[in-house]
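# Structural characterization, general
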Amino acid sequence: MTAITDLGIAGLRDGFRAGDFSAREIADAFNGAVAGAKALNAFIIETPDHAIAAAEAADRARAAGELLPLSGVPLGIKDLFCTAGYQTTAASRMLGGFTPTYESTVTAKLFAAGAGMLGKLNLDQFAMGSSNETSAFGNVVSPWRRNDGGNAALAPGGSSGGSSSAIAARIVPAATGTDTGGSIRQPAAFTGIAGIKPTYGRCSRFGIVAFASSLDQAGAMAQDVRDSAILLEAMSGFDPKDSTSLDVAVPQWEANLSSDLKGKKVGIPKEYRVDNMPPEIDALWKQGIEWLRDAGAEIVDVSLPHTRYALPTYYIIAPAEASSNLARYDGVRYGLRDLPEGANLQEMYAATRAAGFGPEVKRRILIGTYVLSAGFYDAYYTKAQKVRALIARDFEEAFRQVDVLLTPTAPSAAFALGEKSADPLEMYLNDVFTVPASLAGVPAMSVPAGLDGQGLPLGLQIIGRPLDEQGVLNAGLAIEQRAGFTAKPQNWWAK
Amino acid sequence: MSSYRIQGATGEWEVVIGLEVHAQVVSNAKLFSGASAAFGAQPNQSVSLVDAAMPGMLPVPNEECIRQAVKTGMALGAEINRWSRFDRKNYFYADLPQGYQISQLYHPLVGEGTITIDADEKAGIAEARTIGVERLHVEQDAGKLMHDQHPTRSYVDLNRSGVALMEIVSKPDMRSPSEAGAYLRKLRSILRYVGSCDGNMEEGSMRADVNVSVRKPGDPFGTRTETKNVNSIRFVMAAIESEANRQVDVIEGGGTIVQETRLYDPDRNETRSMRSKEDAHDYRYFPDPDLLPLELSEEFVAQCRAELPELPDAKRARYEGELGLPAYNAAVLTSDVETARWFEALLDATGKPGAEVARAASNWLISDLFGALNRLGKAIDESPVSPKQGAELLALVADGTLSGTLAKQVFEIMLETGDDPAKIVEERGLKQTSDTGAIEAVIAEVMAANADKVAEYRGGKDKLFGFFVGQTMKAMGGKANPGVVNELLKKALG
Amino acid sequence: MSVDAATVRKIASLARIAVTDGDVEAMVPELNNILGWIEQLGEVDTDGVAPLAAVIPNHQRLREDVVTDGNIRDKVLANAPQAEHGFFAVPKVIE
């Protein structure tokens, strides 16, 4: 029999309902796996009590015949979601010890749906990073290793690196993520799991520590497409507390999953064929095209002419918003306060923020402050919002011709920790394929599609029309079924 | 144009004034959170997690605040922007939890409008003037810092944090402290008519930033300074005067005016530089990405227009035209919405056509009622006499039951007891009498007691007639109908 | 446009982040590298293009004017580094 911890959401839910195991058995199994995987550093705090309480409630619910959609399913929660009574840090010193008195809408929905929480997952500090090397709580390590016999610790991707690492290592069945410029999709690709960023506005941002408001979007990370659909369904929905939340019904994504793509058109944007792309990724992309053709789709070449400007646009808008969003961390109402002897208020701010933010966060705050400052606002910010409009228009035009787009998720497989952290710009370039969809607010997901020559996972990205998560999930399912991705990392971390 | 000039060593200087008024919007809840906007709560009790800028908290705008601002804009004859948006003004201060104030810079809710200030010779305003309003926008108030409760610490209270304000920015159209004072009074009157702000400057629900510059008449504008947060009309006028004089002194002394933020010190009647805020000038405004553009539907705008009450200028014109009131009465009655409301309730209570009773009613209100309220130190909405009672009193005068003198007497008793005038007249027998027999009897007594004066009168000393009227009225306890007394006295004295 | 040490200090001051000389020295080339790269946006013809206002077409909803929140001082102050007598406390501000 398969170990409980090998199961994903659907497997756990269905097995629990069928009486194969109790929710408490599930919780105990995962709590044990979490406790035994410290080497991954995937968690900032572990919350076995929460998982057990939810499990006991699920067992009672099953006995009473009152099952909820996620009864029996424990989850990992990215430590960017505020959780009432549980420390929420955004992986920063700034919020060390911060215990919210309130619950984010997304976690509230998940808990109301019966899910339990195994712990708060590590991430790049304030979700700024692509390798999980900016956390104040240490790097997360990917469970994957290269097949060269070396033991180089690899990046799990970022910023949702705790989520990706924990799912890939099968210490959580699924997890929440957030995606601002690729923070769900790139780590999913790096670790051989599925991850979906829905349409901007699908998931409430209420209670999620903000990075860049016009880009931040919560989403689901899981072993496969079906689990992603189940989890996203439970996370989504209109929230009057978030002005940018979309007041639309949540479709039954899981029930409507179908890998039959007859009558669908898949666009292949030529601008995603970048210089220096590893041939393996190019080959995988071509393979993906064949898989979708095989699923009945018609393949159409399309153009998204402003793609190459997406990254610089993103690196104006996201830091600008961040510089303002992070102004609230001032040592007055919560979090770290650094008050040097004799310091006045403004000096306290400067000392607190110097001590509380890591180098990458500071870098982005400074860039954001600069691009908004007097005399530069139009040249940078207004210009970027205009280019962003053009990028969004590119997608609109493409979606007049096709239903979804297929691209690689990332320009490389996972790199080693430390390999790119010296040059921020080089790190930023890693998000080249994921950032455009974030700027346009459209849904996109990464599905594991194969391994590279070093035995590391590679992902393909499907981008869909606004609100057409179903189209994205269905195309993802078609790839998943044909890719037959079953590779798993060797367990070197458990003890 | 105002003739207000500052006499400097080098000649006359003209003062150029613009005002930015912050008016607290009347609403139950705050602009972006569901916490109460009311004054007077315990520290940090009217604070939501949104107002405290907890991580992940998000703003959702309050419809009533937008409605109030739109109505105010309409009352200023201003263009309502159906598409506007909120921007963040970024700076660090302990009373600003988010590290930014949500305001509107690039696309305000309300565009250009006007405020008319009336001629006021006493104040040196020769003729009515139209002052331009540049814009009106909605923004959040900040919290409060208390400095005197601890020797080394300041305390932060966020109760005011996030309360809705309207910022109403004038054009630099005013030329004297009096004009600035008149502008503020008129603006306050309009805000109270609309009901969008209580205009209470003492409680801080209306405060002004004063932009002042000076120039030689005919020259281009000089460099201006901004004196922040002046909290009474008197202080605004004094601050302008002192700041304008300071600027003249600086320029004539060979210096230049620095564009800066200043603070008015009423105790010393001077402005001083607020250098502490200088480095905060780069506010890095950008559209708030937590909010969407505010798009007003045609229905919403139409509804705001429908809810707009008759405004002071229109009301005054109507009082003068339709009701036939003298200009002075119309101006006094309409300057404050509570007075106009009371007056109209008074007219209603008479049950007669307005034009018929308005003049007597307005005279009584302005002289008798205002006199009494002044004496009692009460506002009109605290009047111990109701409009209905006032109307009853006016009716008793109109039908001859009370003479003017008696009416005053009855009114005093009304103020004291709160009783209705008819009851007072009844109980105290204060009814005016036209009983010719009784009056004639008294006249006979008066004449008998003053035979010498009767002789003098008859000898041609006409002026003594008034003496006999007075004596007769006195003997009748003031209750005799003065017309009848006159008539009968003339007859008796021959 | 490129930044020098003085500009970096000015931005850091605006952002209220204390920086050492060493920090500034490291940041100057880093920021210039990033800003230089960002400037390629200058190539894009954006004449007549309106800046993006809402990512996904959506309209701003307005809340009813009802008091639904507040009276939670304990929660507001729960994480405060220094709270006294119901207030947040900060080093004395001289205005």
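Please read these numbers as outputs of a predicted model, since none were measured by experiment.

Time to look at the overall build of chain C. Looking only at helices and strands, one finds three helices and two strands in chain C. Helices (α) and strands (β) of chain C occur, in sequence order from the N terminus, as α-α-α-β-β. A gap of 12 Å separates the mean positions of the 8 positive and 15 negative side-chain charges of chain C.

Every contact between the two is made by 74 residues of chain A and, on the other side, 47 residues of chain C. Across the chain A/chain C interface, buried area totals approximately 5000 Å², and carbon plus sulfur atoms make up 70% of it. Of all residues in chain A, the largest losses of buried area upon contact with chain C belong to Leu366(A), Tyr370(A) and Leu425(A), amounting jointly to 13% of the total for that side. Put simply, Arg363(A) and Glu30(C) hold a salt bridge, and the shortest N to O gap is 2.6 Å. Our enumeration of links across chain A and chain C arrives at 19 residue pairs in polar contact (both at pLDDT 80 or more). Taken together, the elements giving at least two residues each to the side of chain A that touches chain C come down to helix H9 (310-325), helix H10 (345-356), helix H11 (359-372), helix H12 (377-401), helix H13 (424-428) and helix H14 (435-440) of chain A. Of the residues forming the side of chain A that touches chain C, the biggest block, 13 residues, is contributed by H12(A). The residue makeup of the side of chain A that touches chain C, split by class, is 42 nonpolar, 19 polar and 13 charged.

This paragraph deals with the interface of chain B and chain A. If you look at the interface, chain B gives 31 residues, while chain A gives 38 residues. Carbon and sulfur atoms supply 59% of the area buried between chain B and chain A, which totals about 2800 Å² over both sides. The interface formed by chain B and chain A includes one salt bridge. With a closest N to O distance of 3.0 Å, Asp290(B) and Arg205(A) form a salt bridge.

This part covers the sheet that holds strand S15 (residues 286-287) of chain B. Residues and elements named next belong to chain B. If you walk across this open sheet you meet the three strands as S5-S4-S15, and the pairing is antiparallel. Both outer strands of the open sheet, strand S5 (100-103) and S15, are each paired with one neighbouring strand and no more. Judged from the two bridges that link them, strand S4 (residues 87-90) and S15 form a sheet pairing that is antiparallel. Along S15, the bridge assignment pairs Arg-88 with Phe-286.

On to the nonpolar core, then. Residues and elements named next belong to chain A. Judged by nonpolar contacts, the single largest core of 223 residues is most densely connected at Leu-70, Leu-75, Leu-110, Phe-126, Leu-292 and Leu-406. Per-element accounting of this core gives the leading share, twelve residues, to H12. Ignoring sequence-local partners within four residues, the contact set of Leu-406 consists of Val-266, Gly-267, Ile-268, Pro-269, Trp-285, Gly-288, Ile-289, Leu-292, Leu-460, Gln-461, Ile-462 and Ile-479.

With respect to the element layout, Val402(A) can be found in the loop between H12 and strand S9 (404-408). In this structure Val402(A) touches Lys265(A), Val266(A), Gly267(A), Val300(A), Val302(A) and Arg465(A), once residues within four positions along its chain are discounted.

All right, on to the sheet that holds strand S1 (residues 83-84) of chain C then. The strand order across the open sheet formed by four strands is S8(B)-S9(B)-S2(C)-S1(C), and the pairing between neighbours is antiparallel. Lying at the two open borders of the sheet, with one neighbouring strand each, are strand S8 (144-146) of chain B together with S1 of chain C. Here four bridges tie strand S9 (residues 153-157) of chain B to strand S2 (residues 87-91) of chain C, and the two strands are oriented antiparallel to one another. Within S2(C), the residue paired with Val156(B) across the bridge is Phe88(C).

Any two side chains of opposite charge can pair, given that their charged atoms come close. Per the stated rule, a full pass over the model turns up 60 salt bridges over all chains. Between Arg13(A) and Asp14(A) there is a salt bridge, with its nearest N and O atoms 2.9 Å apart. For Arg13(A), a relative accessible area of 11% translates into the label buried. With its nearest N and O atoms 3.2 Å apart, the salt bridge here joins Arg67(B) to Glu63(B). Here the residue Arg67(B) and the residue Glu63(B) both occupy positions in helix H1 (residues 63-75), the gap between them amounting to four residues, near one helical turn. According to the relative accessible area criterion, Arg67(B) is buried, its value standing at 11%. Taking relative accessible area as the criterion, Glu63(B) reaches 23% and is therefore assigned partly exposed.

The next point concerns unusual backbone geometry. Note that the residue after Gly158(A), namely Ser159(A), is joined by a cis bond; omega there is 5°. Considering the arrangement of structural elements, one finds Ser159(A) in the loop between strand S3 (116-121) and helix H5 (161-168). Positive phi values are uncommon outside glycine, yet Ala127(A) reaches one of about 65°. Here Ala127(A) shows up in the loop between S3 and H5. Of note in this structure, Asn269(B) is not a glycine but carries a positive phi near 45°. Mapped onto the elements, Asn269(B) comes out in the loop between strand S13 (261-265) and strand S14 (270-273).

Next up on the list: the UniProt feature "active site" (unreviewed entry) in chain A. Residues and elements named next belong to chain A. UniProt marks Lys-78, Ser-159 and Ser-183 with the feature "active site" (unreviewed entry), using the numbering shown here. Spatially, the listed residues are clustered: although they cover 106 residues, their C-alpha atoms lie within 11.2 Å of one another. Among the secondary structure elements, Ser-183 is positioned in the loop between strand S4 (174-179) and helix H6 (185-191). Taking relative accessible area as the criterion, Ser-183 reaches 6% and is therefore assigned buried. Among the polar contacts listed, one links the side chain of Ser-183 to the side chain of Ser-159, at a separation of 2.8 Å.

This paragraph deals with the UniProt feature "domain: Amidase" (unreviewed entry) in chain A. UniProt tags residues 37-473 of chain A as "domain: Amidase" (unreviewed entry). Here residues 37-473 of chain A is 34% helix and 14% strand, with 31 Å between the C-alpha atoms at its ends.

Let's shift gears to the pairing of strand S7 (residues 265-269) of chain A. Where a strand is regular, its side chains alternate between the two sheet faces. All names here are of chain A. A large share of S7 lies buried, amounting to four of its five residues. As paired elements, S7 and strand S8 (residues 298-302) share five bridges and run parallel to each other. When the bridges of S8 are listed, Ile-268 appears paired with Asp-301. For the segment spanning S7, helix H8 (residues 279-294) and S8, crossover handedness is right-handed. The pairing of S7 with S9 spans two bridges and is classified as parallel. Note on S9: the bridge partner recorded for Gly-267 is Leu-405.

Let us look at the packing of helix H2 (residues 177-194) of chain B against helix H5 (residues 312-321) of chain B. Residue and element names in this part refer to chain B. Where H2 contacts H5, the axes come no closer than 10 Å and their chain directions differ by 90°. For the element pair H2 / H5, the angle class is roughly perpendicular. Between H2 and H5, the contacting residues are Lys-186, Ser-189, Ile-190 and Tyr-193 on the first element and Pro-312, Asp-313 and Lys-315 on the second. Tallied by class, residues from the contact of H2 with H5 come to three nonpolar, one polar and three charged.

A few words now on the pairing of strand S7 (residues 129-140) of chain B. Residue and element names in this part refer to chain B. The buried count for S7 comes to ten of twelve residues, which makes it a mostly enclosed element. Across five bridges, the pairing between strand S6 (residues 113-117) and S7 is antiparallel. The residue bridging Thr-114 from the neighbouring strand is Gly-132, located in S7. Both S7 and strand S10 (residues 164-170) contribute to a ladder of seven bridges, which runs antiparallel. Counterpart to Gln-140 in the pairing with S10 is Ala-164.

Criteria and thresholds
Residues numbered from 1 in each chain as written. Chains lettered and ligands numbered in written order. Predicted model: local features only at pLDDT ≥ 70, side-chain atom pairs only at ≥ 80, totals over all residues. Heavy atoms only, no water. Helix = DSSP H or I, 4+ residues; strand = E, 2+ residues; numbered from the N terminus. Lys, Arg positive; Asp, Glu negative; His and termini not counted. Charge placed at Lys NZ, Arg CZ, Asp CG, Glu CD. Contact = heavy atoms within 4.5 Å. Buried area = accessible area lost by both parts, 1.4 Å probe. Salt bridge = Lys/Arg side-chain N within 4 Å of Asp/Glu carboxyl O. Polar contact = N/O pair within 3.5 Å; in protein donor to acceptor, adjacent residues only side chain to side chain. Nonpolar A, V, L, I, M, F, W, Y, C, P; charged D, E, K, R; others polar. Pairing = 2+ DSSP bridges. Core = buried A, V, L, I, M, F, W, Y, C linked by side-chain atoms within 4.5 Å. Buried < 20%, exposed > 50% of the residue type's maximum accessible area, 1.4 Å probe, protein only. UniProt positions renumbered as here; feature names shortened; annotations may be inferred. Right-handed = clockwise from strand over helix to strand, strands pointing away. Axes fitted to C-alpha atoms, helices over the stretch in contact; angles between N-to-C directions. Parallel < 35°, antiparallel > 145°, perpendicular 65-115°, else oblique.

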